[in-house]
Amino acid sequence: MTYRFHGAPQLARLSLEVESTATELRVRASGPGALRYAGHTRFYFASLKRMRPIAILEDGSRILSLYYPPVPSAAHARVFEDYLRTWVLHDRAPVAVTIGVTHACQCTCVHCSAGGMNAGGNGRAAQLTTAEMRRVVAESVDIGVANVTFTGGEPLLRPDLDELVAAVPADKAVAQVFTNALLLDADRTAELKAAGLHAAQMSLDAPDADEHDALRGVAGAFDAVRQGVRHARAAGLFVGLSTYATNESVRAGHLTRIAALAAQWGVHELTVFDVLPAGRLLGRTDLLLTDGSRRLLLDEAAALNRRFGGRPHVITQAWTNCGRGFARLIGCLAGNCQFHVTASGDFAPCDFTPLAIGNVRRESVGELWRRTVEHPAYRKHSNACRMQSAAFRARYIDPIPEGAPLPYPIDELPPV
């Protein structure tokens, strides 16, 4: 496939031929820009070549992660263009957006990162209409986004979810959904697949059914995930499990047990987030992972990837924040390669950050992204999650008035 680039005039003279076979990924650059971008091209694709595919499609393209379009593809060409714009042209371009499509949820998770968000006030409580959501998708894709992820609350409670999925242009981006799976039956998965859904990510908080159900506050939640995986696989969707790590769960070896379930159920990818003092845990900085826990997670994930041959592919926030190799391009996602839009239209740097840059009802997505990357809090790349930084929290999180509606307008924080 030929990659051509249209997002920046400096890249118009660069062309890539990207070919995937069962055994290798080949890349050849041409055009007057080939030499200028040769080093960055080699580094980027060398990193991809080291990744074991979790699937190879009929056309030979590779699925390297559910957060990534197939390689090669027109959507992936946009990811590589975002990389060049960000790291060579210094014009930061977002790869992903998460969109909270509803505040409603059947679960009462103690760790919910959306807990307290959009509690009302400041005229921000009304949920975006279908037309407004579709505009958010279109404007996000226009500024470079190649992965649109629908979250909540519980996104399957939104009756127009299939219409929102269909609004994601398949030649420019992939669409995925994060769900508790309670409503992910055979009919719903078929509808979402027909609408163009690429992947379904399901939350699994613990490897034990009783513990998962207790953490979610819903009896049968564990079995819903197991059945949801089965329905999603039958519909032809790629399937991921997402979980979170605490110091206690790391010591108990939960990741290995969850990965074993993922392999047994035929899951493609397992994502492990760090427990974060956000949402309902906003003030619980005592829960942050220790350096020792992060090292154990990195070692455990590497061992699991060797054990299962990359299926499921295990990816951890501990790796994305490690600052080494390809991970140093990731680090803190907020305002770097990702942003979040709440169901009420508030524009936040990420879905774990209770700060609003503005609202999409009043400004375009592009304007809000530009204000984010120019803000002192996000102007510089951070190798690690800002919400886990004591300095960041002291400046931007701790001053949020107690009981204030979230996300809180960043411009209303007291000056330094």
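Residues numbered from 1 in each chain as written. Predicted model: local features only at pLDDT ≥ 70, side-chain atom pairs only at ≥ 80, totals over all residues. Heavy atoms only, no water.

(A) A look at the sheet that holds strand S8 (residues 174–179). Taking strand neighbours across the sheet as the criterion, the 10 strands line up as S12-S11-S10-S9-S8-S7-S6-S13-S14-S16 in an open arrangement whose pairing is mixed. With one partner strand each, in any of the chains shown, strand S12 (313–316) and strand S16 (358–359) form the two edges of the open sheet. As paired elements, strand S9 (residues 199–203) and strand S10 (residues 238–245) share five bridges and run parallel to each other. Counted as the bridge partner of alanine 200 is valine 239 from S10. Packing against the sheet, helix H3 (residues 130–142) makes contact with strand S6 (96–100), strand S7 (147–151) and strand S13 (338–341), and its axis sits at approximately 170° to S6. The strands touched by helix H10 (residues 291–308) within the sheet are S10, strand S11 (269–274) and S12, with S12 carrying the most contacts at an inclination of about 165°. (Pairing = 2+ DSSP bridges. Helix = DSSP H or I, 4+ residues; strand = E, 2+ residues; numbered from the N terminus. Contact = heavy atoms within 4.5 Å. Axes fitted to C-alpha atoms, helices over the stretch in contact; angles between N-to-C directions.)

(B) Spotlight on the nonpolar core. In this structure, Val148, Phe150, Met202 and Leu241 are the most contacted members of the largest nonpolar core, which totals 87 residues. At six residues, the largest contribution of residues to this core is made by helix H9 (residues 254–265). Each residue touching leucine 241, except ones within four places of it in the same chain, is listed here: Gln201, Met202, Leu204, Val225, Val229, Ala262, Trp265, Val267, Glu269, Leu270 and Thr271. Core analysis: the next-biggest nonpolar cluster, separate from the first, contains 29 residues, Tyr3, Leu64, Val88 and Ala146 among them. (Core = buried A, V, L, I, M, F, W, Y, C linked by side-chain atoms within 4.5 Å. Buried < 20%, exposed > 50% of the residue type's maximum accessible area, 1.4 Å probe, protein only.)

(C) Representation of H10 in the model. Taking 1.5 Å of rise per residue, 18 residues should cover 26 Å, and H10 covers 26 Å from first to last C-alpha, within 8% of that figure. Along H10, the residues classified as buried are Ser293, Leu297, Glu300, Ala301, Leu304 and Phe308. An end-on view of H10 places all buried positions within 105° of arc, on one side of the element. The exposed set on the far side of H10, more than 90 degrees from its buried face, consists of Asp291, Arg295, Asp299 and Arg306. Contacts made by the buried residues of H10 are with S10, helix H8 (247–252), H9, S11, S12 and helix H11 (317–320). (Expected span 1.5 Å × (residues − 1). Arc of directions from axis to C-beta.)

(D) Molecular detail of the pattern of salt bridges. Using the criterion set out here, one finds 16 salt bridges in the structure. A salt bridge links aspartate 205 to arginine 216, with the nearest nitrogen and oxygen atoms 2.7 Å apart. Of the two residues, aspartate 205 sits in the loop between S9 and helix H6 (209–216) while arginine 216 sits in helix H6, which places them 11 residues apart along the sequence. Arginine 216 matches aspartate 205 in its accessibility class, with the two residues each being buried. (Salt bridge = Lys/Arg side-chain N within 4 Å of Asp/Glu carboxyl O.)

(E) The arrangement of the packing of aromatic side chains in detail. Counted by the stated rule, this structure contains 14 aromatic pairs. Here tyrosine 44 and phenylalanine 45 contribute two aromatic rings whose centre-to-centre distance is 5.1 Å and whose plane-to-plane angle is 75°, an arrangement assigned as edge-to-face. Geometrically, the ring pair formed by tyrosine 44 and phenylalanine 326 is edge-to-face, given 5.9 Å between the ring centres and 65° between the ring planes. Residue tyrosine 44 is found in helix H1 (residues 38–49), and its partner phenylalanine 326 is found in the loop between H11 and S13; the two are separated by 282 residues along the sequence. By the ring-pair criterion, three or more aromatic residues cluster together here, those being Phe5, Phe43, Tyr44, Phe45, Phe80, Tyr83 and Phe326. When the ring centre of tyrosine 396 is taken as origin, the NZ or CZ atom of arginine 395, which lies over that ring, is 4.7 Å away. (Phe/Tyr/Trp six-rings, centres within 6.5 Å; stacked < 30°, edge-to-face > 60°. Lys NZ or Arg CZ within 6 Å of the ring centre and 35° of its normal.)

(F) Spotlight on the sheet that holds strand S1 (residues 2–4). With respect to topology, three strands assemble into an open sheet ordered S1-S2-S3, the strand pairing being antiparallel. Edge positions in the sheet fall to S1 and strand S3 (25–30), since each of these pairs with one other strand and no more. Averaged over all pairs of adjacent strands, the angle between their axes in this sheet comes to 25°, without regard to strand direction. Alignment of strand S2 (residues 15–20) against S3, held across six bridges, turns out to be antiparallel. Each bridged residue has a counterpart across the sheet, and for serine 20 the counterpart in S3 is leucine 25. Here H1 sits on the sheet in contact with S1, S2 and S3, set at roughly 170° to S3.

(G) Spotlight on the confidence of the model for the chain. Residues at a pLDDT of 70 or more form 98% of the chain, whose mean pLDDT is 94. Here residues 119–123 scores under 50 on pLDDT; set against residues more than four positions off or in separate chains, the count is four contacts. (pLDDT = per-residue confidence, 0-100.)

(H) Representation of the packing of H1 against helix H2 (residues 74–87) within the structure. Interaxial distance between H1 and H2 falls to 11 Å at its minimum, and their mutual angle equals 130°. Judged by the inter-axis angle, H1 sits oblique to H2. Like other packed secondary-structure pairs, H1 and H2 cross with a definite hand, here right-handed. Each of His40, Thr41, Phe43, Tyr44, Phe45 and Leu48 in H1 lies in contact with H2, whose residues at this interface are His76, Val79, Phe80, Tyr83, Leu84 and Trp87. For the contact of H1 with H2, the residue count by class is nine nonpolar, three polar and no charged. (Parallel < 35°, antiparallel > 145°, perpendicular 65-115°, else oblique. Left-handed = near helix turned anticlockwise from the far one by under 90°. Nonpolar A, V, L, I, M, F, W, Y, C, P; charged D, E, K, R; others polar.)

(I) Broad picture of the environment of valine 168. One can find valine 168 in the loop between helix H4 (161–166) and S8. Each C-alpha atom of the pair valine 168 and alanine 348 lies 20 Å from the other, and the pair is 180 residues apart in sequence.

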